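Coordinate inspection notes
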Amino acid sequence: ERYRQGINGWYRFRLPGGVPKELQAVYLWRFSMNVAVYFNGELVGDGGSFDEPIARNWNRPLLFHLPAATWRGDANTLLVRLRVYPGFGHMPPVAVGPVALLQPDYERRHLVQIMLSQASTGVTLLALLTVLVLWLIARLWPFVPDASLRQLKRAVRPLFTPEFGWADLTALMT
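A brief report on the enclosed structure follows. Everything numeric in this text was worked out from a predicted model, so none of it was measured.

**What to know about the nonpolar core**
- One finds Leu28, Val37 and Leu78 to be the most contacted residues of the largest nonpolar core, which totals 18 residues.
- Among the secondary structure elements, those contributing two or more residues to this core are β2 (24–28), β3 (34–39), β5 (62–66) and β6 (75–84).
- If you tally residues by element for this core, the top one is β6, at 4 residues.
- The contacts of Leu28, once residues within four sequence positions are left out, are Val35, Val37, Arg60, Pro61, Leu62, Phe64, Met91 and Val94.
- By size, the runner-up hydrophobic cluster in this structure holds 6 residues, among which are Ala25, Leu63, Val99 and Tyr106.

Below, the structure is given as structure tokens:
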């Protein structure tokens, strides 16, 4: 029962006041299972459903921009809601900074953690499909390779009979 309920955790970060000159972002490179990010009370992004079935983002990096219009002059508050299953939750440090600095690492991690995993799954499925087709050919038509070998024997056999002479072979080659 407790596993189905899951656990919500809230993390609060205080950020300095003032509007930064560069566009800022929140970068979460790994966590378990799902997150939502609020900046000064406004939702800036989430990883999907917090209700069952919970979005499973345990290996997906997320990058959310913090709009300049939401920054306050005195103090800013960043809230991160983390939804986990009991005993499986974790959240490494949250990075906040200029998009230009965070974007390259986000793209690299997205490539390694998501795109390469999807590509390897595709290659594995293609290999499985190839083996399945070859198995079906061998299983459904077992006579095909055998028939081909018999025809090859019939075609080559005359070359090795006493009646077939070297002159005839030479005539065939010219």
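Moving on, there is more to tell.
**A closer look at the pattern of salt bridges**
- In total, this model carries 2 salt bridges according to the counting rule given.
- Arg108 serves as the salt-bridge partner of Asp105, at 2.7 Å between the closest nitrogen and oxygen. With Asp105 and Arg108 both in helix α2 (residues 99–140), this residue pair falls 3 residues apart, about one helical turn.
- Among the residues examined, Arg108 registers a relative accessible area of 44% and is labelled partly exposed.
- In this structure, Arg109 and Asp105 form a salt bridge, with 3.3 Å as the shortest nitrogen-oxygen distance.

**Here we look at the sheet that holds strand β1 (residues 7–16)**
- Strand order in the open sheet formed by 4 strands is β1-β6-β3-β4, with antiparallel pairing between adjacent strands. Across the chains shown, the open sheet's two edge strands, defined by having one partner strand only, are β1 and β4 (42–46). Across the sheet, the mean angle separating the axes of adjacent strands is 20° when strand polarity is ignored.
- With 4 bridges joining them, β3 and β4 adopt antiparallel strand pairing. Bridging across to β4, Val37 finds its partner in Gly45.

**Regarding the packing of aromatic side chains**
- All told, the structure shown has 3 aromatic pairs when counted by the stated rule.
- With 5.8 Å between their ring centres and 35° between their planes, Trp10 and Tyr38 make a pair best called tilted. Taken together, the residues Trp10 in strand β1 and Tyr38 in strand β3 connect sequence positions 28 residues apart.
- Measuring from ring centre to ring centre gives 6.3 Å for Tyr27 and Tyr106, while their planes differ by 85°; the resulting arrangement is edge-to-face. Remark: Tyr106 occurs in helix α2 and Tyr27 occurs in strand β2; sequence separation between them is 79 residues.
- With relative accessibility at 3%, the residue Tyr27 sits in the buried group.
- Over the ring of Phe50 we find Arg81, and its NZ or CZ is 4.0 Å from the ring centre.

**Side note on the sheet that holds strand β7 (residues 95–98)**
- With antiparallel pairing, the 3 strands of this open sheet are ordered in space as β5-β2-β7. Both edges of this open sheet fall to β5 and β7, since each of them pairs with a single strand only. Each adjacent strand pair in this sheet contributes to an overall mean axis angle of 25°, direction not counted.
- Sheet topology places β2 next to β7; 4 bridges connect them, and they run antiparallel. Residue pairing across strands places Tyr27 opposite Ala95, the latter belonging to β7.

Each value, and the rule that gives it
- Residues numbered from 1 in each chain as written.
- Predicted model: local features only at pLDDT ≥ 70, side-chain atom pairs only at ≥ 80, totals over all residues.
- Heavy atoms only, no water.
- Core = buried A, V, L, I, M, F, W, Y, C linked by side-chain atoms within 4.5 Å.
- Buried < 20%, exposed > 50% of the residue type's maximum accessible area, 1.4 Å probe, protein only.
- Helix = DSSP H or I, 4+ residues; strand = E, 2+ residues; numbered from the N terminus.
- Contact = heavy atoms within 4.5 Å.
- Salt bridge = Lys/Arg side-chain N within 4 Å of Asp/Glu carboxyl O.
- Pairing = 2+ DSSP bridges.
- Axes fitted to C-alpha atoms, helices over the stretch in contact; angles between N-to-C directions.
- Phe/Tyr/Trp six-rings, centres within 6.5 Å; stacked < 30°, edge-to-face > 60°.
- Lys NZ or Arg CZ within 6 Å of the ring centre and 35° of its normal.

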